[in-house]
Each structure stands twice: as C-alpha cells, then as structure tokens.
Amino acid sequence: ELLRDLVIPTYTCPSDGNNNKGTYFAGGHVHNYVVCMGREGVLTLGLNRANAQNLLVNEADTFKESQYRAMFFASCANSHASGAYPLVTRFEDVLDGTSNTVAISETVQGVPDTGAGGIDYRGHIWWGLYCFFNTNQAPNTLVPDLSTHQFSAHVRHPIDYVKTTPLTDPDSCYMRLSARSWHVGGVNAGLADGAVRFVQDQINLEIWQGAGSTNGSESGSLH
C-alpha cells in the first residue's frame, strides 16, 4: 500500500464529517492540515517564476509578484527560475518574528469525484496544488475559494472554479484557498515558533493577512 493511500490520524480532525470518504484521482486520502503560502494567492501550472510565489492578479488577468514572502512555496524553483534548489525559509528569513507568522492551519476535506463533473481537492496534501492556504481572507470566510477544480459540496465552505490566462503565461491558473474548519468560531493554526493558536473567524483581517507573511513588519495578536 502506498503511503499516500494511508489515512494518517495525526493529520485528521475528528470534527470533519467528510473524513476519509474515498480516494482521489491518483490515489491518496485527504486530510485537514495545510501549509501557509502567503497572504495573496498562488499562480500554478505555469512558469516556474510564478509557481513559488504568492501573487496578485489584476483585472487584465496579468500577474505581479507580491512584496510579501511566505513560509512555504509551491515549487522548489526560485522566483526567477534560475535553477537554484531548493527554495527554503530559514528562521532568520522570518523578519516579522516566528511568533507573528503562521506556518500551518486547518482546511476542510474535499469530496471525491462522484461523476458530477468536478472534484473538491482541498486537503489532498499529496498534491502540491492543494496542500496550502492563504491568509487573504478570514478563516471560514464565505468568500469562495478559487480552484482549478470545483465541486459544490460545502455551503459553509464554498469553492469556485477559476482559470485565468495571464498575458505573459497562458497556461497558468490562479488559486486562493482560505483556512477552514468545522469548528465553531475559528480554526487551529500553528505558528513558526511551534505555538498553536485558535484563531477566531472575526479576527481583524489586517492582522490575519500580516500573519501570512514573513517580511511585512506586521504585528498583532492572533488570540
């Protein structure tokens, strides 16, 4: 049995009623914990230059690299595709301080394909496109996540299909996934210093966004 096909209890939240219902396109169960890839969104499937960064997409469907860095990245290539591997975040790179920076949080487990034409892959940690979250929106926001796949299974945790075609990279897709859980009132999040906080849905959005970057000089309590 492949490791990806195993249910890992440590990565599974008992509050999620979708726990371990089926396997996915290439095998692998969904789980409930994902890493922070910044405060914006992630451009995927395109140039290596874009894969590693959290990005902003404007009305013309072009992208620019955010000034804010993240704890984790979508690929090992660096932001300019110069071939420098691997791209890692060291403790000294967390200029905002490890106690002010979110490293991991919860997500909801998605629903496998039932023949309805789409799949919700959230929590599929064995696939790099869905092992992350952004702090762009508040925890458990009703603003839909943006995904390259869509399956309208969760009313409380909406997800929409999106495909952008930036002029500089027509094969790219812009994704934005928020921290989510079935807990009442918030999500559990792990900070870069190893501490765990229960972050309320009503947290000040600027504080939450700031916690998603390593270099924005933001500060504020996540309590």
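Quick note: structure is the one above.
Residues numbered from 1 in each chain as written. Predicted model: local features only at pLDDT ≥ 70, side-chain atom pairs only at ≥ 80, totals over all residues. Heavy atoms only, no water.

### Considering unusual backbone geometry
- For Asn-140, which is not glycine, the phi torsion reads 55 degrees and is therefore positive.
- By the element assignment, Asn-140 lies in the loop between β6 (132–133) and β7 (145–147).
- On the basis of relative accessible area, Asn-140 is assigned to the buried category, the value being 9%. (Helix = DSSP H or I, 4+ residues; strand = E, 2+ residues; numbered from the N terminus. Buried < 20%, exposed > 50% of the residue type's maximum accessible area, 1.4 Å probe, protein only.)

### Topic: the environment of Asn-204
- In this structure, Asn-204 sits in the loop between β11 (196–200) and α2 (205–211).
- When the C-alpha positions of Asn-204 and Ala-138 are compared, they lie 8.2 Å apart, and in sequence the two are 66 residues distant.

### Points about the pattern of salt bridges
- Tallied over the full model, the rule gives six salt bridges.
- Close ionic contact of Glu-40 with Arg-39 constitutes a salt bridge, the shortest N to O distance being 3.7 Å.
- By relative accessible area, Arg-39 is classed as buried at 13%.
- Linking Arg-122 and Asp-145 is a salt bridge whose minimum nitrogen-to-oxygen distance equals 2.8 Å. In this pair, Arg-122 is assigned in the loop between β5 (102–106) and β6 and Asp-145 in strand β7, connecting sequence segments 23 residues apart. The pair Arg-122 / Asp-145 is uniform in exposure class, with both members buried. (Salt bridge = Lys/Arg side-chain N within 4 Å of Asp/Glu carboxyl O.)

### Some remarks on the nonpolar core
- With 25 residues, the main nonpolar core has Val-102, Phe-133, Val-199, Trp-208 and Leu-222 as its most contacted residues.
- Sort the elements by how many residues they give to this core and strand β10 (residues 186–191) lands first, with three residues.
- Other than its neighbours up to four places away in sequence, Val-102 contacts Cys-36, Met-71, Phe-133, Ala-189, Gly-190, Leu-191, Trp-208, Ala-211 and Leu-222. (Core = buried A, V, L, I, M, F, W, Y, C linked by side-chain atoms within 4.5 Å. Contact = heavy atoms within 4.5 Å.)

### Looking at the pairing of β10
- Of all six residues that make up β10, five are buried, and the element is covered over most of its length.
- Here β10 pairs with β11 via five bridges, running antiparallel. Each bridged residue has a counterpart across the sheet, and for Ala-189 the counterpart in β11 is Arg-197.
- Turn length for the β10-β11 hairpin, with the two strands adjacent in sequence and antiparallel, is four residues, and the turn residue Gly-194 shows positive phi of about 95 degrees. (Pairing = 2+ DSSP bridges.)

### Here's the deal with the packing of aromatic side chains
- Within the structure shown, the criterion is met by two aromatic pairs.
- Ring geometry for Tyr-121 and Tyr-130: centres 5.4 Å apart, planes at 45 degrees, overall tilted. Exposure class is identical for Tyr-121 and Tyr-130. Each is buried.
- Centre to centre, the rings of Phe-133 and Trp-208 are 6.3 Å apart; their planes meet at 20 degrees, and the pair counts as stacked. Within this pair, whereas Phe-133 is found in strand β6, its partner Trp-208 is found in helix α2, the two being separated by 75 residues in sequence. Each member of the pair, Phe-133 as well as Trp-208, carries the same accessibility label: buried. (Phe/Tyr/Trp six-rings, centres within 6.5 Å; stacked < 30°, edge-to-face > 60°.)

### Details of the pairing of β5
- In terms of burial, β5 is a largely internal element, four of the five residues being buried.
- Sheet analysis places strand β1 (residues 33–36) next to β5, joined by three bridges and oriented antiparallel. The partner of Val-35 across the bridge, within β5, is Ile-104.

### Here's the deal with the side chain of Ser-213
- Assignment of secondary structure puts Ser-213 in the segment after α2.
- Note on Ser-213: relative accessible area 0%, which makes it buried.
- Polar side-chain contacts of Ser-213 include one of 3.3 Å to the side chain of Asp-96.
- If near-sequence neighbours (up to four positions away) are discounted, Ser-213 is found in contact with Arg-39, Tyr-68, Arg-69, Asp-96, Thr-101 and Glu-218. (Polar contact = N/O pair within 3.5 Å; in protein donor to acceptor, adjacent residues only side chain to side chain.)

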